[in-house]
Amino acid sequence: MNRRHHRPHLPEERPESPAPLPPPELTEAECRRCGTYIAGLDGRYACGVCGWVNDHSEGHRRLPRADEDPDRPPRGRRRPKQLPGPDAGS
């Protein structure tokens, strides 16, 4: 049996993006389905009354990539295990 040699786990350094993303702009419009006055971020809307949502491509700016998210967990980090629910033993 051959043993595998593993490198010690070192935290991965993320290259910083060249410039921080500007904060999103609060925008307002009427829902195209029911006419309710709604607010959104950068021209992306979702109506809480009728459920209408405009396409993400209609926004005013591009959406950030996952690696540009400052709150993104480091690579290799796993989600915590879910505890069994009340009906897990059935």
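In this text, all values refer to a predicted model and were calculated from it rather than measured experimentally.

**Here we look at the environment of G40**
Structurally, G40 is set in strand β2 (residues 37–41). Residue class for G40 comes out buried when judged on its relative accessible area of 7%. G40 sits 15 residues away from E25 along the chain, and the two C-alpha atoms are 8.3 Å apart. Residues within four places of G40 in sequence aside, it is in contact with E25, L26, T27 and Y45.

**Remarks on the pattern of salt bridges**
One pass over the structure, following the stated rule, counts five salt bridges. Between E68 and R65 there is a salt bridge, with its nearest N and O atoms 3.6 Å apart. Taking relative accessible area as the criterion, E68 reaches 15% and is therefore assigned buried. Linked through salt bridges whose partners overlap, the residues forming this network are R62, R65, D67 and E68.

**Regarding the pairing of β2**
Residue alternation in β2 divides its side chains into a buried set, I38 and G40, and an unburied set, Y37, A39 and L41. Sheet topology note: the strand β1 (residues 26–30)/β2 ladder contains five bridges and is antiparallel. Bridging across to β2, E28 finds its partner in A39. Linking two consecutive strands that pair antiparallel, namely β1 and β2, is a turn of six residues; a positive phi of about 85 degrees is found at G35 within it.

**Regarding the side chain of D42**
One can find D42 in the segment after β2. At a separation of 3.0 Å, a polar atom in the side chain of D42 contacts the side chain of R61. Beyond its immediate stretch of four places on either side in the chain, D42 contacts P24, E25, T27, G59, H60 and R61.

**Here we look at the nonpolar core**
Counting residues in hydrophobic clusters, the biggest one holds five residues: C31, I38, Y45, C47 and W52. In this structure, C31 is in contact with T36, I38, C47, C50 and W52, ignoring residues within four places of it in sequence.

**A closer look at the layout of surface pockets**
If you add up the space inside the second largest pocket, you get close to 280 Å³. Looking at the second largest pocket, the residues that line it are L21, P22, P23, P24, L41, D42, R44, R61, R62, L63 and P64. Looking at the lining of the second largest pocket residue by residue, the classes come out as seven nonpolar, no polar and four charged.

**Focus: the environment of E30**
As for its position among the elements, E30 is in strand β1. Residue classification places E30 among the exposed residues on the basis of a relative accessible area of 57%. Along the sequence, E30 and C47 sit 17 residues apart, while their C-alpha atoms lie 9.0 Å from each other. Those residues in contact with E30 that sit more than four places away from it in its chain are G35, T36 and I38.

About the criteria used
Residues numbered from 1 in each chain as written. Predicted model: local features only at pLDDT ≥ 70, side-chain atom pairs only at ≥ 80, totals over all residues. Heavy atoms only, no water. Helix = DSSP H or I, 4+ residues; strand = E, 2+ residues; numbered from the N terminus. Buried < 20%, exposed > 50% of the residue type's maximum accessible area, 1.4 Å probe, protein only. Contact = heavy atoms within 4.5 Å. Salt bridge = Lys/Arg side-chain N within 4 Å of Asp/Glu carboxyl O. Pairing = 2+ DSSP bridges. Polar contact = N/O pair within 3.5 Å; in protein donor to acceptor, adjacent residues only side chain to side chain. Core = buried A, V, L, I, M, F, W, Y, C linked by side-chain atoms within 4.5 Å. 1 Å grid on protein atoms, 1.4 Å probe; cavity = no way out; pocket = protein on both sides within 12 Å on 5 of 7 lines; lining within 4 Å. Points joined across faces, edges and corners; volume = space filled by probe spheres on them. Nonpolar A, V, L, I, M, F, W, Y, C, P; charged D, E, K, R; others polar.

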